[in-house]
Amino acid sequence: MKKFGYLWVVIALAMTVVGQTTACGQNAVNLNPQLSIVNALDSLIKAKLPQGGMVGVSVFDLNDNQSLYAYQADKLCRPASTQKLITAITALNQPRAQEPFRTEVWAKGEIVNDTLRGDIYVIGGMDPELMETALDTLVDLTAAFPFHVITGQVYGDVSMRDSMYWGKGWLWDDNPESYQPYLSPLMLNKGFVKVTAIPSSPGEAARLEVKPVSSYFNVINETKTKTAAAGKFTVMRDWLSNGNDITVSGNITARRVEEINVYSSQDFFMHTFLDRLGMRFTLLQPWYSFAELQKDATCQLVAVYETSVQKVLKQMMKESDNLSAEAMFTRLGLQASGNRHVSADESLKAVQTLVREMGMKPDDYRFADGCGLSMYDYVSPDLLVTFLRYAYNRDNIFPHLFRSLPVSGVDGTLKNRMRKGSPAYQRVHAKTGSYTGINCLAGYLETNSKRYLAFAIMCQNQLKASEARALQDAICELLVKE
């Protein structure tokens, strides 16, 4: 029998009771090691679960292929960003899962001497990692072609997905936060602007640096350096009317950085692309529009920019990037349906199909988006663990998923949890998920005995996130000692 620190007395007492029913409905058997962990976890939850809070827990032993612990494991819960596990596993399960995200530039028309007598098309592939340098790369590759005059128009092709720029159930008042981007197949800098304010002389306006550089938005500097009367530092735009005048205001005493989304990601991309294209080409029609490329014999592929799936997956899981998750979700629908144009419905159907394949009933749950921002998502700890078990047993999924997950005390959203000195340090590879009242943790755990567990801990109705995280960390630390 193993000791569990401060819970040793609780366990020893519990094991003297034969036939005792636990919270997960299992009967105790004297000297049963599994009973020890069951009673220890029951006691831990009872001691640490805040009043008014609810928690669902499911733990599965991947070595013995059996359930180790269940506490309200079938209860429907809002998953927050643990929804990303469902998106990632379903996406990685597709035969073409490892194809990179692609953004393409095409020329359509005839090249005569130094002139393209035709149009330029930029075809979006929902690349969430396309930044300013990538945009410059597309322009450079285009400039390498034997024309520098364009007689036609520049088009953005965003036909890959429908025009619904937010997920179902996203909260309108999270706008204009950078974590809630306007979704489009053409994304630049994740759909947000980064503003850096640097102090100057007292009473003077701070110096502002804005990235990426673009004429798409206008920046208004109302800051004051070391002037308390200027108030709190804020970066805001008139988001209620979809305005892109960014006002920076407040007292600047030290370097400050803020990120803010901009309205219409596809326009942000195309406007900035045209800015830079105009510096290298003579544009006889210096504006852009949106249309789908209809390929014919006059079409030539001019430039391609690719981002690996693993890079997107890493950002999606370790940093809990909502755009990366929605990009993966969109591409999942595209690959699963075989269609050229998709909506969220095709992605949701793919998730539901996998749920059926795993022996569960899709109608028992609610899937609304790919990242977990939606308040309409409802899953259970058992369902999350079933997805994790499915991934663990498949070589085309598990290696990619596992190395993308945050590691306790090391990186991502678990960098500052279960740190060095904790029994669970470096032993937990899991996805976090949180917004007001919701805090979840689900993934894999290695025990001291080199056993591997899949687990999901879903805390609901807990306003103090620190209390929910403390309970999750304590459960993980106890499981590590199993």
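Computed from a predicted model, the values in this text were never measured in an experiment. (Residues numbered from 1 in each chain as written. Predicted model: local features only at pLDDT ≥ 70, side-chain atom pairs only at ≥ 80, totals over all residues. Heavy atoms only, no water.)

Draft legend 1. Examining the pairing of strand β18 (residues 452–460) more closely. Along β18, eight of the nine residues are buried, which leaves the element largely enclosed by surrounding structure. Sheet topology note: the strand β1 (residues 54–61)/β18 ladder contains eight bridges and is antiparallel. Bridged to Met54 within β18 is Gln460. Linkage of strand β17 (residues 438–446) to β18, two consecutive antiparallel strands, is achieved through a turn of five residues, within which Lys450 is found at a positive phi near 65°. (Buried < 20%, exposed > 50% of the residue type's maximum accessible area, 1.4 Å probe, protein only. Helix = DSSP H or I, 4+ residues; strand = E, 2+ residues; numbered from the N terminus. Pairing = 2+ DSSP bridges.)

Draft legend 2. Just the pairing of strand β4 (residues 115–123), in detail. Extensive coverage of β4 is indicated by the burial of eight of its nine residues. The pairing of strand β3 (residues 101–112) with β4 spans nine bridges and is antiparallel. Following the sheet pairing, Glu110 is matched in β4 by Arg117. In sequence, β3 turns back onto β4 through a hairpin of two residues, with Asn113 there showing a positive phi of about 55°. Across two bridges, the pairing between β4 and strand β5 (residues 149–150) is parallel. Note that in β5 the partner of Thr115 across the bridge is Val149. After leaving β4, the chain enters helix α4 (residues 132–143) and then returns to the sheet as β5, a path that is right-handed. One ladder, built from four bridges, connects β4 with strand β6 (residues 154–157); its direction is parallel. The partner of Tyr121 across the bridge, within β6, is Tyr155. (Right-handed = clockwise from strand over helix to strand, strands pointing away.)

Draft legend 3. Inspection of the sheet that holds strand β12 (residues 256–261) at higher detail. Pairing in this open sheet of three strands is antiparallel, and the strands run β8-β7-β12 from one edge to the other. Both outer strands of the open sheet, β8 (207–211) and β12, are each paired with one neighbouring strand and no more. Taking the axes of each pair of neighbouring strands and ignoring which way they run, one obtains an average angle of 20° across the sheet. Here strand β7 (residues 192–198) runs beside β8; their pairing, made up of five bridges, is antiparallel. Across the sheet, the residue bridging to Ala197 is Leu208, located in β8. (Axes fitted to C-alpha atoms, helices over the stretch in contact; angles between N-to-C directions.)

Draft legend 4. Spotlight on the packing of helix α3 (residues 83–92) against helix α7 (residues 322–337). Where α3 contacts α7, the axes come no closer than 9 Å and their chain directions differ by 40°. Classed by the angle they form, the pair α3 and α7 counts as oblique. Crossing geometry of α3 relative to α7 is assigned as left-handed. Together, Lys84, Thr87, Thr90 and Ala91 of α3 and Asn322, Ala325, Met328, Phe329 and Leu332 of α7 make up the contact between the two elements. (Parallel < 35°, antiparallel > 145°, perpendicular 65-115°, else oblique. Left-handed = near helix turned anticlockwise from the far one by under 90°. Contact = heavy atoms within 4.5 Å.)

Draft legend 5. Focus on the pattern of salt bridges. The full count for this structure, using the stated rule, is 17 salt bridges. A salt bridge links Asp136 to Arg276; its shortest N-O distance comes to 2.8 Å. Here Asp136, found in helix α4, pairs with Arg276, found in helix α5 (residues 265–277); they are 140 residues apart in sequence, far enough to count as distant. By relative accessible area, Asp136 is classed as partly exposed at 29%. For Arg417, the salt bridge is made with Asp473, and the minimal N-O distance between the two is 2.8 Å. In this pair, Arg417 sits in the loop between α10 (398–404) and β16 (428–435) while Asp473 sits in helix α11 (residues 465–480), placing the two residues 56 residues apart along the sequence. A relative accessible area of 9% means that Arg417 is categorised as buried. (Salt bridge = Lys/Arg side-chain N within 4 Å of Asp/Glu carboxyl O.)

Draft legend 6. Highlighting the layout of surface pockets. There is about 610 Å³ of room inside the largest pocket. Along the walls of the largest pocket sit 22 residues, with Ile123, Gly124, Gly125, Met160 and Leu334 positioned nearest its centre. Broken down by secondary-structure element, the contributors of at least two residues to the lining of the largest pocket are β3 and α7. One number sums up the size of the second largest pocket: a volume of about 490 Å³. Taken together, 27 residues make up the lining of the second largest pocket; nearest its centre are Ser81, Tyr179, Glu319, Ser320 and Asn322. (1 Å grid on protein atoms, 1.4 Å probe; cavity = no way out; pocket = protein on both sides within 12 Å on 5 of 7 lines; lining within 4 Å. Points joined across faces, edges and corners; volume = space filled by probe spheres on them.)

Draft legend 7. Representation of the sheet that holds β18 in the model. Reading across from one edge, β2-β1-β18-β17-β16 is the order of the five strands in this open sheet, with antiparallel pairing throughout. Two strands bound the open sheet, and with one partner strand each, they are β2 (66–71) and β16. Strand-to-strand twist across the sheet, computed as the mean angle between neighbouring axes with direction ignored, equals 5°. With five bridges connecting them, β1 and β2 associate as antiparallel partners. Bridge pairing in β2 places Val57 opposite Tyr71. Most of the contacts of α11 go to β17, to which it runs at about 15°, and overall it touches β1, β2, β16, β17 and β18.

Draft legend 8. A look at the side chain of His400. Residue position: His400 is located in helix α10. Not counting residues within four places of it along the chain, the set of residues in contact with His400 comprises Leu92, Gln98, Gln310 and Leu313.

Draft legend 9. Quick peek at the packing of aromatic side chains. Scanning the model with the defined rule gives 19 aromatic pairs in all. Between the aromatic rings of Phe147 and Phe281, the centroid separation amounts to 5.8 Å while the plane-to-plane angle is 40°, which identifies the pairing as tilted. Note that Phe147 is positioned in the loop between α4 and β5 and Phe281 in the loop between α5 and β13 (282–283), a separation of 134 residues in sequence. Pair check on accessibility: Phe147 and Phe281 agree, each one buried. Among the aromatic residues, those joined into a cluster by ring pairs are Tyr165, Trp166, Tyr182 and Tyr263. The positively charged end of Arg389 is found above the aromatic ring belonging to Phe60, 3.9 Å away from the centroid. The ring of Tyr390 is capped by Arg394, whose NZ or CZ atom sits 3.6 Å from the centre of that ring. (Phe/Tyr/Trp six-rings, centres within 6.5 Å; stacked < 30°, edge-to-face > 60°. Lys NZ or Arg CZ within 6 Å of the ring centre and 35° of its normal.)

In short, geometric facts, not functional conclusions.
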